[in-house]
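So the chains spell out like this:
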Amino acid sequence: MDMAARFQEQFVFHLTGKRHGGELDAIDGLNLRPALLAGFRDLTRLRYDFPVVLVENAIRGGSVQSLSSVIDEVLQQVAPRGIEGERLRKHVLRLEREIRALVAQGATGWLSELWTLAAARFTSGPDETPGKVLEHTGAALESDGEVLDCGHQLPARVLRHLWKQVQVEKARTFHADAGALAVKLSDILRAAFVHSVEGRRAESLKASVGGPHQEIFDFTAMSNLLRRPGAGDQLHEGRRKRIEHALSVLRSQRFFATPEGKQPTHDAGPYEFLFDDCASAVQAFRDRLPQVLELARTMSIAQLEADGCYIEANHDPLFAEFDASALGPTDMATFPNYLVCIAPGRIDAPENVMLMEVLASGLPIKILVQTEEVLEDSPVSEGHLAFGARGAQLASTAIGLDNVFVLQSSSSNLYQLRDRVHGGVACAGPALFSIFSGPPSPVSSLPPYLTATTAMQARAFPAFTCDPAAGTDWASRFSLEDNPQPEADWPVDSLTYSDEELQRVSEKLAFTIADFVATDRRYARHFARVPRSHWNTNMLRTDEWLALDTKDQAGKVPYVLAVDEDDVLHRLIVDGKLMQAARRCREMWRRLQELGGIHNSHAERLLARERTAWEEQKQREFASLKDATRAAAAPAPGVAPAATATPQAPVSTAQAAPAQAVPAEKPSDDPYIETARCSSCNECTLINDRMFAYDANQQAYIADADAGTYRELVEAAENCQLSIIHPGKPRKPGEPGLDELIKRAEPFA
Amino acid sequence: MTMPATQCLIRLHQEHHSLEDYQGGVPRWCSGCGDNAILAAIQRVCRDEDLRPEKTMFVSGIGCSSRLPHYMKTYGFHGIHGRAFPVAEGIKMARPDLHVFVNTGDGDCCSIGAAHWIHAIRYNMNMTVMLHDNHVYGLTKKQASPTSPLGLKSNTTPRGSQLAALNPLSVTLGVQNVSFVAQAVDWVPEVMYDIMSAAFRHRGFSFVRIIQRCPEFLPKMFEPWLHDPQKTLLLSHKDGLQISAGLSKTYRNQQEHDPSNIDRAREIASLEDPLPVGILYRNPQVPCYEDLRHPAQMRTPEFIRAGFEAELDKVTVWPDQDAQTQRAA
């Protein structure tokens, strides 16, 4: 078969997805993977973000740690410098690899348990010493908690863990505030009792004194002395009831678990805030709203009472009308958040509608939507591929709602985004976490971590965050920075291999959605392997093919590079349906880029317009300068050349006008003080406190110049150390010694 | 972000105070004394920050300066010589909700109270400190103080003092955990008010040295600075003081200084002529001692009683075995 016929067969496959003739191979069973993933066959040998440790009782930021970072912490503590330390380091790093392998095989448990399990494997060998050393080293573990690999369970577990941390912090704050208020309110009641008739009875007085000393006092005589309480000692009945009610509400609330060591005050126990569908969460929120209002109202009343600021005439009517409309996000932020983890199979159309309603309502509900598929066969058009509208598109829709925290990411990126996830869980309003975890059952030879991370690499499930708390504009709120090479259509990496002549070849390779789909054996029909002998120049890599205009794509066939289990390179040509999906994927990515400020069409248009205007302006300036230079070069008749040699700058009207002499402010004949400079030293007010007075800022001014004599004005000016009193001219011509006083006043004019 | 409705309700009927609400009596200082200017400025700060008088505390030691709490209609503690800081620290520790101000003089703070001063800086508790520095012991009729200039003739140094003056700014800036240092002069009241406002708003130990006149015993000491504005160097910065246009006409000698630069602050602190006025250093990141020592568990009466019982049980001798067994059970 000649080359043209071979290419014809490839082209037919690209157009129809059908293999005609025997030159193209199906890829089913070949166990191929994208060439860029050739180096990631055994993840257990790599130190990377997974597995993670969900650390219990950690401070913020350290509640989700990678196994490697925990091991590094241990090594810093136990491995000294030198040969001994190096030996221990090697043992511990081997143990880390062992734990990673255990987890990859499905082992679960806390890190300390897995550590012991892995150390036992070393003990069972011929040399028991490393195992024993490692068991001993395990005691240095400071961070312990559940160990999780990147898998189907990860998103819900991580989110629940971070959510729990936030709730613990909220409970701590609440108990500190409510406890302090309860102590203050109890103090008020106790003080009232001590001052009451009841509190001053002999029995009460006796009960307030320690046992050994009760016999040395005459409590009856003491009671007689104290019997008459003062009028101010009585606690108003309304206030007593209010305080007692506030204490009762604070003690019986069910939103926060009772602190350790205290008896629960409510039989029913604390409320549950974890749900697996939106409707249940909303129903629980509605049911508890009256209690939320009561507790918020009580906290305010208790605060006012504790500060002694409750004014019944003013506050009673307002608190009587206190309803749900008075509660804003900041008030709600003090209460526990609701967490809804929607299982992947349950995200159907009714749930979607409810979810969007919840997000739009502004309720403090955090929702996890886990996505298993980003590509699926279109239910409308047979044989075509559709992006999973049920899950993957939710986040894009949610960012259109105001004040909703939205985070979309693949599960492989959750460790890197742990602080942002924490921020979303802790924020006051609603939050949506859309996480791609990959299918629950394996559909490729790739481990779940690589499936998740390649979905993000291929822009099939891009990562983004929209955080309303970060600012008021898109530039502050929206971020694409967690994607690899976010400014490019596809991330590019270098691939190095040996060619047939064993020469080292290195080339840049983009990772497109076609590469991602090639990892999924369910979509193997969209690819066909081309034997090396049939490779030709009309075959283009998918990113290059997509970059062509439609007319230039004719006659070209896109392919992806893949490797088999022996790391031999293969070219897989791609059918048109998948390339159509790839084009859609790229366009959706570009829309996201625009939101993230990358290649923003509005900004680029504005930039182009401004650049054109700037260039035109410069052209005009250049032309006028050129004209001026030419005019200067040709001397005007009757004018000396020297006078015109230098181009004159246009003279502005202001400059051209003769300088206006600014009339000097005529000194006033009235006395005055530079009040702003007064240091309140009392010198002047002691001379005459009707003539000199202090203003609202305790600084002197002349209140009444006629309330004293000119002599007093002059003496005040002389006594003022800052010399800011100006006596002016005499106001009463008949005052004795005026000539001398006028002379003395001259320095203060 | 809007204020939560509950906070609005709490603040709805908040009282607003006038200057008179803080004026506690007629000051007995000499006329022309710089203490009057300090009193006027701090009363303005209290009014403008709307501090509740019953939540405000002025603590002082001994000296002319330390009479200031008497003239405030707030709580006050006129303490003993040099011990204003320990008293203020105790108050802040027990009642962190109070606004604590300390008024101390150059003798009270820099001589007998110097040890307390150094450690108060280290503690960095949230309080505003005004060091009234008139370079002399005035209440006891003119003795040399630690900040008296070399050669000052006084009752204790009739031939002139022989030691160079201590610089309170340099000392404060040399202590660990320093978080706010400023210098004001009583004859520029506008700047003194701004500095005191900034000092009050800073969370931590805000140390303001106020150079003040003593017209009775050192009447000529600051005359050159009073009559020549060029001898006063105003420090301005977007994160520090912003000098008004009116003031800039008189005080043209200005310099931009970033209050976060401690090295430059130390250089400026050592200047004597021109006299630097403004915020020399500010670091809001330094932790406050009361926050570090804040108990994790609230000290309720029940908690304290339980603690006492537990401690006493350690040394209790139980008379018979049965009682002990019952107790253990």
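Predicted model, so just to flag it, every value in this text is computed and none were measured.

**With respect to the overall build of chain B**
- Scanning chain B for helices and strands turns up 13 helices and 11 strands.
- C-alpha atoms of chain B, sized along the principal axes, occupy 85 × 55 × 45 Å.
- Restricting to contacts in chain B with at least 6 residues of sequence separation, those with at least 24 account for 68%.
- Just so you have it, chain B exposes about 15700 Å², and 53% of that area is on carbon and sulfur atoms.
- Counting 33 positive and 34 negative side-chain charges, chain B places the centres of these two groups 4 Å from one another.

**Some thoughts on the interface of chain A and chain B**
- Counting from both sides, the interface comprises 37 residues of chain A and, opposite them, 34 residues of chain B.
- Summing both partners gives a buried area of about 2900 Å² for chain A against chain B, and 57% of it is carried by carbon and sulfur.
- On the surface where chain A and chain B come into contact, there are one salt bridge.
- In this structure, A:Asp307 engages B:Arg52 in a salt bridge whose closest nitrogen and oxygen atoms are separated by 3.9 Å.
- If you look at where chain A meets chain B, you find 11 residue pairs in polar contact (both at pLDDT 80 or more).

**Digging into the nonpolar core**
- Membership of the largest hydrophobic core comes to 148 residues, with the highest contact counts inside it found for A:Leu355, A:Ile367, A:Phe433 and A:Phe516.
- The leading source of residues in this core is helix H6 (residues 154–195) of chain A, at 16 residues.
- Contact partners of A:Leu355, with chain neighbours within four places excluded, come to A:Cys278, A:Ile342, A:Ile347, A:Ile367, A:Val369, A:Leu394 and A:Leu432.
- Listed in part, the 73 residues of the second largest apolar core include A:Ile702, B:Trp29, B:Leu68 and B:Ile279.

**So, unusual backbone geometry**
- Of note, the amide linkage connecting A:Phe50 to A:Pro51 takes the cis form, showing an omega dihedral of -5°.
- Examined against the element boundaries, A:Pro51 turns out to sit in the loop between strand S1 (33–34) and strand S2 (52–55).
- Residue B:Pro274 is reached from B:Asp273 by a cis peptide bond, and omega for that bond is 5°.
- Structurally, the position occupied by B:Pro274 is in the loop between helix H10 (262–269) and strand S11 (275–282).

**So, the packing of aromatic side chains**
- With the rule as written, the count across this model stands at 25 aromatic pairs over all chains.
- For the ring pair B:Phe222 and B:Trp225, a centre distance of 6.2 Å and an interplane angle of 65° mean the geometry is edge-to-face. Each member of the pair, B:Phe222 together with B:Trp225, is buried.
- Clustering of aromatic rings is evident, with ring pairs tying together A:Phe273, A:Phe275, A:Phe285 and A:Tyr338.
- Above the face of the A:Tyr559 ring, A:Arg571 is positioned so that its terminal group lies 4.3 Å from the ring centre.

**Quick notes on the domain arrangement of chain A**
- Taken as a whole, chain A is organised into domain 1 (3–40 + 512–601), domain 2 (51–149), domain 3 (174–267 + 301–330) and domain 4 (672–748).
- A separation of 53 Å is found between the C-alpha centroids of domain 2 of chain A and domain 3 of chain A.

**Side note on the sheet that holds strand S4 (residues 145–148) of chain A**
All names here are of chain A.
- Spatially, S3-S2-S4 is the arrangement adopted by the three strands of the open sheet, whose pairing is antiparallel. Strand pairing shows two members of the sheet lacking a second neighbour, strand S3 (64–66) and S4, which therefore form its edges. This sheet shows a mean twist of 25° between the axes of neighbouring strands, independent of strand direction.
- In this sheet, S3 lies alongside S2 in antiparallel orientation, the contact comprising three bridges. What sits directly across from Val53, in S3, is Gln65.

**Focus on the confidence of the model for chain A**
- Averaged over all residues, the pLDDT of chain A equals 86, while 90% of them reach at least 70.
- Low pLDDT, under 50, characterises residues 638–666 of chain A; the predicted model gives this stretch four contacts beyond four residues in sequence or across chains.

**Some details on the packing of helix H2 (residues 67–78) of chain A against helix H3 (residues 83–104) of chain A**
All names here are of chain A.
- In contact at an axis separation of 11 Å, H2 and H3 are set at 160° when each is read in the N-to-C sense. When the interaxial angle is binned, H2 and H3 end up roughly antiparallel. Between H2 and H3 the crossing geometry is right-handed. Of the residues in H3, those touching H2 at Leu67, Ser68, Ile71, Leu75 and Val78 are Leu88, Arg89, Val92, Leu93, Glu96, Ile99 and Arg100.
- Looking at side-chain class alone, the contact of H2 with H3 contains eight nonpolar, one polar and three charged residues.

**Focus: the domain arrangement of chain B**
- Split into domains, chain B comes out as domain 1 (17–288) and domain 2 (295–329).
- A C-alpha centroid distance of 49 Å is found between domain 1 of chain B and domain 2 of chain B.

**Re empty space enclosed by the protein**
Residues and elements named next belong to chain A.
- On inspection of all chains with the given rule, the structure shows 10 cavities of 30 Å³ or more.
- Lining the largest cavity are 15 residues; nearest its centre among them are Glu373, Val443, Phe516, Asp520 and Arg522.
- Classifying every residue of the lining of the largest cavity by side-chain character gives eight nonpolar, three polar and four charged.
- Of the volumes computed, that of the second largest cavity is approximately 120 Å³.
- For the second largest cavity, the lining is made up of 15 residues, of which Cys678, Cys681, Cys684, Cys720 and Ile724 are closest to its centre.

**Examining the state of the cysteines**
- Per the counting criterion, the structure on display carries zero disulfides over all chains.
- Free cysteine: A:Cys150, not disulfide-bonded; nearest cysteine sulfur from A:Cys341 at 17 Å.

**Concerning the pairing of strand S14 (residues 492–498) of chain A**
Residue and element names in this part refer to chain A.
- As paired strands, S14 and strand S15 (residues 504–510) are joined by seven bridges and run antiparallel to one another. Paired with Asp493 across the two strands is Leu509, which belongs to S15.
- In sequence, S14 turns back onto S15 through a hairpin of five residues, with Leu502 there showing a positive phi of about 60°.

**Some points on the pattern of salt bridges**
All names here are of chain A.
- Tallied over the full model, the rule gives 53 salt bridges over all chains.
- The salt bridge partner of Glu56 is Lys164, with a shortest N-O separation of 3.4 Å. One end of the pair, Glu56, is in the loop between S2 and S3; the other, Lys164, is in helix H6, and 108 residues separate them in sequence.
- Linking Asp627 and Arg630 is a salt bridge whose minimum nitrogen-to-oxygen distance equals 3.3 Å.

**Side note on the side chain of A:Asp144**
Residue and element names in this part refer to chain A.
- With respect to the element layout, Asp144 can be found in the loop between helix H5 (129–137) and S4.
- No salt bridge forms around the buried Asp144; measuring N to O, its nearest opposite-charge neighbour Lys164 is 13 Å away.
- Side-chain polar atoms of Asp144 contact the side chain of Ser112, separated by 2.7 Å.
- Residues contacting Asp144, with those up to four places away along its chain left out, are Val53, Leu54, Val55, Glu56, Trp110, Leu111 and Ser112.

**Side note on the sheet that holds strand S12 (residues 464–466) of chain A**
All names here are of chain A.
- Across the sheet, which stays open at both edges, the seven strands sit in the order S5-S6-S7-S11-S10-S12-S13 with mixed pairing between neighbours. Because the sheet does not close on itself, it has two edges, and the strands there are strand S5 (274–275) and strand S13 (478–479).
- In the sheet, strand S7 (residues 365–371) pairs with strand S11 (residues 431–436) via six bridges, with the strands oriented parallel. By the bridge assignment for S11, Leu368 is matched with Phe433.
- Across the sheet, helix H10 (residues 278–307) is in contact with S5, strand S6 (338–342) and S7; its angle to S6 comes to roughly 165°.
- Against the sheet, helix H13 (residues 349–361) touches S6, S7 and S11, its axis set at about 145° to S7.

**Topic: a nonpolar patch on the surface**
Residue and element names in this part refer to chain B.
- Taken together, Phe303, Ile304, Phe308 and Leu312 make up a surface patch of nonpolar side chains, about 390 Å² in accessible area.
- When you line up the elements, Phe308 lands in helix H12 (residues 301–314).
- The exposure class assigned to Phe308 is exposed, which follows from its relative accessible area of 56%.

Each value, and the rule that gives it
Residues numbered from 1 in each chain as written. Chains lettered and ligands numbered in written order. Predicted model: local features only at pLDDT ≥ 70, side-chain atom pairs only at ≥ 80, totals over all residues. Heavy atoms only, no water. Helix = DSSP H or I, 4+ residues; strand = E, 2+ residues; numbered from the N terminus. Contact = heavy atoms within 4.5 Å. Areas by Shrake-Rupley, 256 points an atom, 1.4 Å probe, with all protein chains shown as cover. Lys, Arg positive; Asp, Glu negative; His and termini not counted. Charge placed at Lys NZ, Arg CZ, Asp CG, Glu CD. Buried area = accessible area lost by both parts, 1.4 Å probe. Salt bridge = Lys/Arg side-chain N within 4 Å of Asp/Glu carboxyl O. Polar contact = N/O pair within 3.5 Å; in protein donor to acceptor, adjacent residues only side chain to side chain. Core = buried A, V, L, I, M, F, W, Y, C linked by side-chain atoms within 4.5 Å. Buried < 20%, exposed > 50% of the residue type's maximum accessible area, 1.4 Å probe, protein only. Phe/Tyr/Trp six-rings, centres within 6.5 Å; stacked < 30°, edge-to-face > 60°. Lys NZ or Arg CZ within 6 Å of the ring centre and 35° of its normal. Domains from an automatic or database assignment. Pairing = 2+ DSSP bridges. Axes fitted to C-alpha atoms, helices over the stretch in contact; angles between N-to-C directions. pLDDT = per-residue confidence, 0-100. Parallel < 35°, antiparallel > 145°, perpendicular 65-115°, else oblique. Left-handed = near helix turned anticlockwise from the far one by under 90°. Nonpolar A, V, L, I, M, F, W, Y, C, P; charged D, E, K, R; others polar. 1 Å grid on protein atoms, 1.4 Å probe; cavity = no way out; pocket = protein on both sides within 12 Å on 5 of 7 lines; lining within 4 Å. Points joined across faces, edges and corners; volume = space filled by probe spheres on them. Disulfide = S-S within 2.5 Å. Patch = residues over 30% accessible without salt bridge, like charges linked within 9 Å, V, L, I, M, F, W, Y side chains within 5 Å.

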